[in-house]
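Commentary on secondary and tertiary structure
Each chain, written out:
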Amino acid sequence: MTEENVQTRPDIIREAVAKNPRKLTLQLARELGVPEVEVVRSLADGRAVELSVRRWEDLLRSLEALGGVRLLVSNGATTLEVDGQFGGFGTTGEYFNVQTASLDMHIRWQELAAAFAVAKP
């Protein structure tokens, strides 16, 4: 096999995203056997912008100004999509809380490894 025929992992990820741009990044990551963060970083056309995870609290608080948003939260067992508004911020123990009439979230901020703004087509 010549060098020009060898695809790198980023190339394979970008190709998979291009073939199915609406597919959940978590699904693509599982199919490709890569961390989801690699799929998000491979989104083309400025669909994803990596943000400073060190500024997680500023980022979350800034979402209040957007008004109603669609929020997608996913872990190994569940994916939740909900329409709501950020606000009612506070900290209790290991949790950063978002508590409004439409959102009730308790974020273990110490576990955050990356943050992105993503546009889904």
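Reference entry: report on the structure contained in this document. No experiment lies behind these values; they were computed from the predicted model shown. (Residues numbered from 1 in each chain as written. Predicted model: local features only at pLDDT ≥ 70, side-chain atom pairs only at ≥ 80, totals over all residues. Heavy atoms only, no water.)

1. Overview of helix 2 (residues 25-32)
Among all positions of helix 2, only Thr25, Leu28 and Ala29 are buried. Each buried residue of helix 2 sits inside an arc of 100° when the element is viewed along its axis, so together they form one side. Turned more than 90 degrees away from the buried face of helix 2 sit Arg30 and Glu31, all of them exposed. On its buried face, helix 2 is in contact with helix 1 (9-19) and helix 3 (36-41). (Buried < 20%, exposed > 50% of the residue type's maximum accessible area, 1.4 Å probe, protein only. Helix = DSSP H or I, 4+ residues; strand = E, 2+ residues; numbered from the N terminus. Arc of directions from axis to C-beta. Contact = heavy atoms within 4.5 Å.)

2. Overview of the packing of aromatic side chains
The description of an aromatic ring pair uses the distance of the two centres, along with the angle that the planes make with each other. Inspection of every chain in the model, using the stated rule, returns three aromatic pairs. Judged by centre distance (5.7 Å) and plane angle (20°), the ring pair of Phe89 and Phe96 falls under stacked. The exposure classification of Phe89 matches that of Phe96, with both residues buried. Clustering of aromatic rings is evident, with ring pairs tying together Trp56, Phe89, Phe96 and Trp109. (Phe/Tyr/Trp six-rings, centres within 6.5 Å; stacked < 30°, edge-to-face > 60°.)

3. Quick word on the pattern of salt bridges
Tallying each qualifying case throughout the model produces nine salt bridges. Glu50 serves as the salt-bridge partner of Arg41, at 2.7 Å between the closest nitrogen and oxygen. Residue classification places Arg41 among the partly exposed residues on the basis of a relative accessible area of 48%. For Arg61, the salt bridge goes to Glu57, with nearest N and O atoms at 2.9 Å. Note that Arg61 and Glu57 are positioned in helix 4 (residues 56-62) at a spacing of four residues, about one turn of the helix. Looking at Glu57, the relative accessible area reads 29%, which means it is partly exposed. Several salt bridges converge on common partners, so that one network encompasses Arg70, Glu81 and Asp83. (Salt bridge = Lys/Arg side-chain N within 4 Å of Asp/Glu carboxyl O.)

Keep in mind that these numbers describe shape and distance, not what the molecule does.
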